[in-house]
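Residue-level structure breakdown
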Amino acid sequence: MPDPISWAIAWPYLVESLIIGYLLGAIPFGLLLTRAAGLGDIRSIGSGNIGTTNVLRTGKKSLAAATLLGDALKGTAAVLIVYHWAGIDHAIVAGLGAFLGHLFPIWLKFKGGKGVATYIGIILGLYWPGALIFCAIWVYVAVFTRYSSFSALTASLATPFILAGLGHWQLAELFTLLTVLIWAKHHANISRLIKGTESRIGAK
């Protein structure tokens with residue numbers, strides 16, 4: 001049997017992993033890219049969110065795609081960098097940090113995005129087949145419902161169960177927490193879905 005973890009030794013490194021993840025996750029790509037493109041503060045339009053969906057409301061699909069990519073890859077970078085430095089346990093903590101950084105960036109008064117792209121990026125870095133499964137579920141639900149938010153909520157809800165079923169218990173625990181946070185950040189979307197007022201993909 002492996003030696004038990006000495007938490008007195010490990011906890012400073014776990015905190016360091018969390019901070020590294022947080023700082024990477026807190027990079028507000030949507031805000032930075034729209035400002036660089038001369039579009040002002042993305043928080044002043046639409047939902048006020050800094051994520052891909054709100055960037056798309058500027059009419060700049062290329063900026064929205066770049067935001068999606070940036071928000072995903074910062075999660076991937078966080079877990080891969082820390083994994084290379086300290087192993088899987090620390091990488092999982094870094095993934096949590098990256099997600100919290102995206103949702104609650106300190107330099108934006110803790111008002112960040114909803115986390116879907118970063119969720120995908122984190123699972124891509126930790127277990128890439130999980131990212132494919134998430135995206136496949138998202139696409140399947142989106143084709144039949146045309147609700148982006150409902151697709152993300154469904155895919156995130158399924159992901160921890162699938163990871164557990166595949167025997168990845170540590171990852172299932174992490175993504176259970178991330179899923180709870182995604183659902184909490186989508187509370188307004190959930191309310192609109194219940195009322196039947198949520199916008200559909202492609203709707204004007």
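Residues numbered from 1 in each chain as written. Predicted model: local features only at pLDDT ≥ 70, side-chain atom pairs only at ≥ 80, totals over all residues. Heavy atoms only, no water.

Let's talk about the nonpolar core
For soluble globular proteins, the rule of thumb is that nonpolar side chains tend to be buried together. By size, the foremost hydrophobic cluster in this structure holds 30 residues, and its most contacted members are Phe99, Ile122, Leu126 and Phe175. Where this core is concerned, the elements lending two or more residues are helix H4 (61–86), helix H5 (88–103), helix H6 (116–126), helix H7 (128–145), helix H8 (148–165) and helix H9 (169–185). If you tally residues by element for this core, the top one is H9, at 7 residues. Beyond its immediate sequence surroundings of up to four residues, Leu126 is in contact with Val79, Ile88, Ala91, Ile92, Leu171, Leu174 and Phe175. Of all hydrophobic cores here, the second largest spans 7 residues; its members include Ile42, Val55, Ala64 and Leu108. (Core = buried A, V, L, I, M, F, W, Y, C linked by side-chain atoms within 4.5 Å. Buried < 20%, exposed > 50% of the residue type's maximum accessible area, 1.4 Å probe, protein only. Helix = DSSP H or I, 4+ residues; strand = E, 2+ residues; numbered from the N terminus. Contact = heavy atoms within 4.5 Å.)

A closer look at the packing of aromatic side chains
Evaluation of the coordinates by the stated rule reveals 4 aromatic pairs. Consider the rings of Tyr119 and Phe175, whose centres lie 5.0 Å apart with planes at 70°: the pair is edge-to-face. Pair noted here: Tyr119 is in helix H6 and Phe175 is in helix H9, with a separation of 56 residues, a long-range link. Ring centres of Tyr140 and Phe144 lie 5.0 Å apart, and the angle between their planes is 55°; this geometry places the pair in the tilted category. Note that Tyr140 and Phe144 are positioned in helix H7 at a spacing of 4 residues, about one turn of the helix. Taking relative accessible area as the criterion, Tyr140 reaches 57% and is therefore assigned exposed. Three or more aromatic residues link up through ring pairs in this structure, and these residues are Phe99, Tyr119, Phe134 and Phe175. (Phe/Tyr/Trp six-rings, centres within 6.5 Å; stacked < 30°, edge-to-face > 60°.)

Points about the environment of Trp85
Mapping Trp85 onto the fold places it in helix H4. The class of Trp85 is partly exposed, set by a relative accessible area of 41%.

Digging into the environment of Ala155
Looking at the element boundaries, Ala155 is found in helix H8. In sequence terms Ala155 and Leu177 are 22 residues apart; their C-alpha atoms lie 14 Å from each other. Not counting the four nearest positions on each side in its chain, Ala155 is found in contact with Phe134, Ile137 and Trp138.

Some remarks on the layout of surface pockets
Unoccupied space between atoms shows up once a probe the size of one water molecule is rolled over them. By volume, the largest pocket is sized at about 1400 Å³. The wall of the largest pocket is formed by 42 residues, among which Thr52, Thr53, Asn54, Leu56 and Ser148 lie closest to the centre. Among the secondary structure elements, those contributing two or more residues to the lining of the largest pocket are helix H3 (52–56), H4, H6, H7, H8 and helix H10 (187–195). Tallying contributions element by element places H4 first for the lining of the largest pocket, with 8 residues. Its residues assigned to classes, the lining of the largest pocket shows 18 nonpolar, 17 polar and 7 charged. (1 Å grid on protein atoms, 1.4 Å probe; cavity = no way out; pocket = protein on both sides within 12 Å on 5 of 7 lines; lining within 4 Å. Points joined across faces, edges and corners; volume = space filled by probe spheres on them. Nonpolar A, V, L, I, M, F, W, Y, C, P; charged D, E, K, R; others polar.)

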